[in-house]
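Listed below, chain by chain, are the residues.
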Amino acid sequence: MHDALLAPSLLAGDHANLAASAREITALGLPCVHLDIMDGHFVPNLSFGPETLAALRRAGCRLFFDTHLMLSEPNRYVDAFAQAGADRITIHIEPAYDQIGTLLRIRQLKRQAGIALNPATPAAAVEALLAQVDLVLVMTVQPGFGGQAFRPEMLPKIEALAAWRRERNLHFRIEVDGGIDAENAVSCRAAGADVFVVGTSFFRAPDRAAFAAAIARL
Ligand code: DX5
Ligand code: ZN
């Protein structure tokens, strides 16, 4: 079983000073930051791009860049994100593009490859890909915006993925993203999740160190 890992989402950080928000993560001794990339097409919002990752690296950020591409054509951008400093690149299964070829390209670029599912997408949509990914991202809100309510009906999807992982002796991580807080993270952990993306509940936590410790104890 993988350790529980907290991946704070910079989407909920200070967009006028993302490097400072990233330093707050580093200061807590956390290894990882989640970076949400939106194209205004696959999701109805815009965020940042590869140049933002590159600028964070230039500013000295050494965190593991867990990069979540909410893009209709992620295949066009994986090289740019790898070049900019992404450590893991997660692409969605829903849009029409060469998903398998893109996962292969990410691994060719020596980055970890992840596949993401929207709330309406069943676990079966990625079943055939499980041996080719380092991570499966289960969206627990409709992607596009931070600050939405967690959808508990996603728990059986996490359980189904965890069961396949066990039965097939695979080692991919299961990441949850959207509306995660210290309480629902417990249910997600019990269902089989091991990476917890947290935007609002992390950056607005009165005591971030205590929040991080609670996730680490899961
Ligand atoms: C939503 C993004 C999430 C978002 C989570 O589309 O994928 O990573 O930052 O934010 P919270 O934790 O506020 O739901
Ligand atoms: Zn995300």
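In case you missed it, the structure is sitting above this.
The model shown is predicted, which means the values in this text are computed figures rather than measured ones. (Residues numbered from 1 in each chain as written. Chains lettered and ligands numbered in written order. Predicted model: local features only at pLDDT ≥ 70, side-chain atom pairs only at ≥ 80, totals over all residues. Heavy atoms only, no water.)

J.: Explain the site of ligand 1 to me, and be specific about the residues and the numbers.
T.: Around ligand 1, 20 residues are found, and the nearest of them are D36, G144, D177, G179 and T200. The separation between an oxygen atom of ligand 1 and a polar side-chain atom of H68 is 3.3 Å. A total of 380 Å² of accessible area belongs to ligand 1 in isolation, and the protein chains cover 99% of it. Comparing atom positions with the cavity grids shows ligand 1 to sit within the largest pocket. Sorting the residues of the shell around ligand 1 by element identifies β2 (32-38), β3 (64-70) and β8 (195-198) as the ones contributing at least two each. Of the residues forming the shell around ligand 1, the biggest block, three residues, is contributed by β2. Grouping the constituent residues of the shell around ligand 1 by class yields eight nonpolar, ten polar and two charged. (Near = heavy atom within 4 Å. Polar contact = N/O pair within 3.5 Å; in protein donor to acceptor, adjacent residues only side chain to side chain. Areas by Shrake-Rupley, 256 points an atom, 1.4 Å probe, with all protein chains shown as cover. 1 Å grid on protein atoms, 1.4 Å probe; cavity = no way out; pocket = protein on both sides within 12 Å on 5 of 7 lines; lining within 4 Å. Sits in = over half its atoms within 2 Å of the grid points. Helix = DSSP H or I, 4+ residues; strand = E, 2+ residues; numbered from the N terminus. Nonpolar A, V, L, I, M, F, W, Y, C, P; charged D, E, K, R; others polar.)

J.: Can you explain the layout of surface pockets? Please cite residues and give values.
T.: In this structure, the largest pocket encloses a volume near 400 Å³. Lining the largest pocket are 28 residues; nearest its centre among them are F145, G146, G147, G199 and T200. Mapped by element, the contributors of at least two residues to the lining of the largest pocket are β2, β3, β8 and α7 (200-203). At three residues, α7 tops the list of elements feeding residues into the lining of the largest pocket. If you go around the second largest pocket, the residues you meet are M1, H2, A162, R165, R166, N169, L170, H171, R189, G192, A193 and D194. Per-element tally for the lining of the second largest pocket: the top contributor is helix α5 (residues 155-167), with three residues. When grouped by side-chain class, the residues that make up the lining of the second largest pocket number four nonpolar, four polar and four charged. (Points joined across faces, edges and corners; volume = space filled by probe spheres on them.)

J.: Give a detailed account of unusual backbone geometry, specifying residues and quantitative values.
T.: Here the phi dihedral of K110 falls at roughly 65 degrees; this positive angle occurs in a residue that is not glycine. Of note, K110 is situated in the loop between α4 (99-108) and β5 (112-117). The exposure class of K110 is exposed, given its relative accessible area of 71%. Although it is not a glycine, N169 sits at a positive phi angle of roughly 55 degrees. Along the chain, the position of N169 falls in the loop between α5 and β7 (173-177). (Buried < 20%, exposed > 50% of the residue type's maximum accessible area, 1.4 Å probe, protein only.)

J.: A description of the coordination of the zinc ion (ligand 2) should follow, citing residues and the corresponding values.
T.: Coordination of the zinc ion (ligand 2) by the protein involves H34 (NE2), D36 (OD), H68 (ND1) and D177 (OD), with metal-donor separations of 2.0 to 2.3 Å. The sequence pattern describing where the donors of the zinc ion (ligand 2) fall on their chain is H-x1-D-x31-H-x108-D. Placement of D36 in strand β2 and of H68 in strand β3 is noted, with a sequence separation of 32 residues between them. Both residues of the pair, D36 and H68, count as buried. (Donors = N, O, S within 2.8 Å, 3.2 Å for Na, K, Ca; no water.)

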